[in-house]
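Per-entry structural report
Letter by letter, the chains look like this.
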Amino acid sequence: MFDAEVGDDGYREDPTVNLLENKSSTLFGKEAALFLPSGIMGNLVAMIAHVNNQRGCEVMVGNKSHILLWEQSGAAQFAGLQMREVKNLPDGSLDMIELREKFRPSNPLDHESHTSLVCIENSHNYLGGVVIPLEWLDQLGKFVKEKNVPLHMDGARVFNAAVHLGVPVSRIAEHCDSVTFCLSKGLGAPIGAVLVGNKMFIERCRRIRKSLGGSMRQSGIVAAAGVYALDNCVERLAVDHRHAKKIGHAIHQMASPDLSVNLEKIDTNIIIIKLNNSEIKSVDLYNMLLKVDNEGDDNLSKVNLTSVRISYLYEGCVRLVLHKNISEEDVDMAIEKIKYVIEKINSYN
């Protein structure tokens, strides 16, 4: 980053940003790419560009999707787009029966909106980092092509999906007209996201990015980290996946009636922990895992001095996320702390 060659990306004069965009479009098998400050902006820009600024259109999204739940309804705020929910199945795919039923025609009656875009998410954040099956992506690709409606993928963690499936990321993006991916998730860069698609689409996106304040000067400083991430941090995602499974197995082996994990749903770097006892609140588990103290027992000092940070999804459900700065030793220490807390919880009941 310190040595990055920079320029004004607003004038497309930043060579490091250009390198990142060219590298990204090649990896995804698309014509062009655009560097943005965040994945949320990438999703918003893509939605606006796909509908050509036609306010009042309808965008189909999963009912557990990040676009719907965690992006402040930006499509409605800034683009006048209506999001219509379709049920997410446990593997992150959409219920095709419901999708077909809710799909509106391109030439609607005067009192109807019309379906202008379908958005999917891979890997799926809210459902625990699960990876959508390729067979379903092929099925969806055929469906949207028949409907002549574009398909956008929120691929914040799409490289995790590619590593899990053992396929190039271009295979996952094959049927997508656009994909947003984050450099700042598993890939480990400090900031940024990239949006890929065809040249005409990306040109529209570049103009929209400017209006949203996403055009940056000398942004090669941060784009350099993205270049490094794509060159060095993709294959190592398998380490995060292995660490997640190791922690998941340790929790499962505790056989606690109060906490559980679904080992079959640990595809990537996210672990969902369900709290099966209504008397145990998510905040209680959070505080117990975060707490650092020394109760005077030398045998427990290492456990008590270990802090494990989890995040809240909803009451009765929390998650753990692995990343590139978590070592094997960190994982082992986290497991001991988690087991210690589970034993404490079990002793209460």
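Going along each chain's sequence as written, the residues are numbered from 1 onward. With pLDDT at 70 or above as the cut-off, local features in this predicted model cover only qualifying residues; side-chain atom pairs require 80 or more to be listed or tallied, and sums for whole chains, interfaces and linings still use all residues. Calculated side-chain values reflect all of the structure's heavy atoms, with hydrogen atoms and water omitted.

Only a pair of cysteine sulfur atoms within 2.5 Å counts as a disulfide in this structure description. Tallied over the entire structure, the rule returns 0 disulfides. Cysteine C205 remains unbridged, with the sulfur of C119 as its closest cysteine sulfur at 12 Å.

Attention now moves to empty space enclosed by the protein. Gaps left between atoms are located by rolling a probe of water-molecule size over the structure's atoms. The way it works is a 1 Å grid over only the protein atoms, where trapped points that fit a 1.4 Å probe form a cavity and open points with protein on both sides within 12 Å along at least five of seven lines form a pocket, and then any residue with an atom within 4 Å of a point lines it. Grid points are joined across faces, edges and corners, and a volume is the space filled by probe spheres set on the points. Counted according to the given criterion, the structure contains 3 cavities of 30 Å³ or more. What the largest cavity holds in volume is close to 40 Å³. Taken together, A156, R157, V158, F159, N160, C182, K185, G186, L187 and L237 make up the lining of the largest cavity. Sorting elements by how many residues they give to the lining of the largest cavity places helix α7 (residues 158-165) first, with 3 residues. When grouped by side-chain class, the residues that make up the lining of the largest cavity number 6 nonpolar, 2 polar and 2 charged. The helix count covers DSSP runs of H or I at least four residues long, the strand count covers runs of E at least two residues long, and both are numbered beginning at the N terminus. Lys, Arg, Asp and Glu make up the charged group, whereas Ala, Val, Leu, Ile, Met, Phe, Trp, Tyr, Cys and Pro make up the nonpolar group; the residues left over, Gly among them, are polar.

A few words now on the pairing of strand β11 (residues 317-321). Partly exposed describes any residue whose relative accessible area lies between the buried limit of under 20% and the exposed limit of over 50%, with all areas from a 1.4 Å probe on protein chains only and scaled to the type maximum. Counting buried positions along β11 yields 4 of 5 residues, so the element is predominantly enclosed. Here the rule is simple: two strands pair whenever DSSP picks up at least two bridges between them. In terms of strand pairing, strand β9 (residues 270-275) meets β11 through 5 bridges, oriented antiparallel. The residue bridging I270 from the neighbouring strand is V321, located in β11. In this structure, strand β10 (residues 311-314) lies alongside β11, joined through 3 bridges in antiparallel fashion. Paired with S311 across the strands is R319, a residue of β11. Between the end of β10 and the start of β11, which pair antiparallel, lie 2 residues, with G316 showing a positive phi angle near 90 degrees.

For helix α14 (residues 328-348), spanning 21 residues, the distance from its first C-alpha to its last is 31 Å, which sits close to the expected 30 Å at 1.5 Å a residue. Within α14, burial applies to V331, A334, I335, K337, I338, Y340, V341, I342 and I345. Looking at the packing, one finds that the buried side of α14 touches α11 (237-253), β8 (259-260), α12 (282-290), α13 (301-304) and β11. A helix is expected to span 1.5 Å multiplied by its residue count minus one. What makes two residues a contact is simply this: any of their non-hydrogen atoms within 4.5 Å.

By convention in these notes, a salt bridge is any Lys or Arg side-chain nitrogen within 4 Å of a carboxyl oxygen on Asp or Glu. Here the structure, examined in full by the defined rule, presents 16 salt bridges. Its salt-bridge partner being E174, residue R171 comes within 3.0 Å of it at the nearest N-O pair. Taking relative accessible area as the criterion, E174 reaches 45% and is therefore assigned partly exposed. K339 is paired through a salt bridge with E336; the nearest N and O atoms lie 3.9 Å apart. Of this pair, K339 and E336 both sit in helix α14, 3 residues apart, which is roughly one turn of that helix. When salt bridges that share partners are traced, they join E58, R84, R104 and E112 into one network.

Glancing now at a nonpolar patch on the surface. Patches were defined on residues exceeding 30% relative accessible area and lacking a salt bridge, with like-charge contacts within 9 Å and nonpolar side-chain contacts (Val, Leu, Ile, Met, Phe, Trp, Tyr) within 5 Å. Using a 1.4 Å probe, accessible areas were evaluated by the Shrake-Rupley method; residue-level cover was limited to the displayed protein chains. Residues M1, V6 and I221 make up a contiguous nonpolar surface patch of about 250 Å² in total accessible area. Turning to its location among the elements, I221 is positioned in helix α10 (residues 220-232).

This part is about the nonpolar core. Formed by 48 residues in total, the largest nonpolar core has its most connected members in F28, L140, F159, F181, L183 and L187. Contacts of F28, omitting those with residues within four sequence positions, involve V158, F159, V169, S170, A173, V179, F181 and V196. What is meant by a nonpolar core is a set of buried Ala, Val, Leu, Ile, Met, Phe, Trp, Tyr and Cys residues, joined one to another through side-chain atoms within 4.5 Å.

The angle between two axes is taken between their N-to-C directions and runs from 0 to 180 degrees, where each axis is a line fitted to C-alpha atoms and a helix contributes only its stretch in contact. Two numbers describe how α12 lies on α14: the axes approach to 10 Å, and their chain directions differ by 130 degrees. Relative to α14, the element α12 lies oblique. With respect to the hand of their crossing, α12 and α14 are arranged in right-handed fashion. Contacts from L285, M288 and L289 of α12 reach α14 at K337, I338, V341, K344, I345 and Y348. Taken together, the residues that form the contact of α12 with α14 break down as 7 nonpolar, no polar and 2 charged. Here the word oblique covers every angle except those under 35 degrees (roughly parallel), over 145 (roughly antiparallel) and from 65 to 115 (roughly perpendicular). If you view the pair so one helix is near and one far, a crossing is left-handed when the near helix is turned anticlockwise from the far one by less than a right angle, and right-handed when it is turned clockwise.

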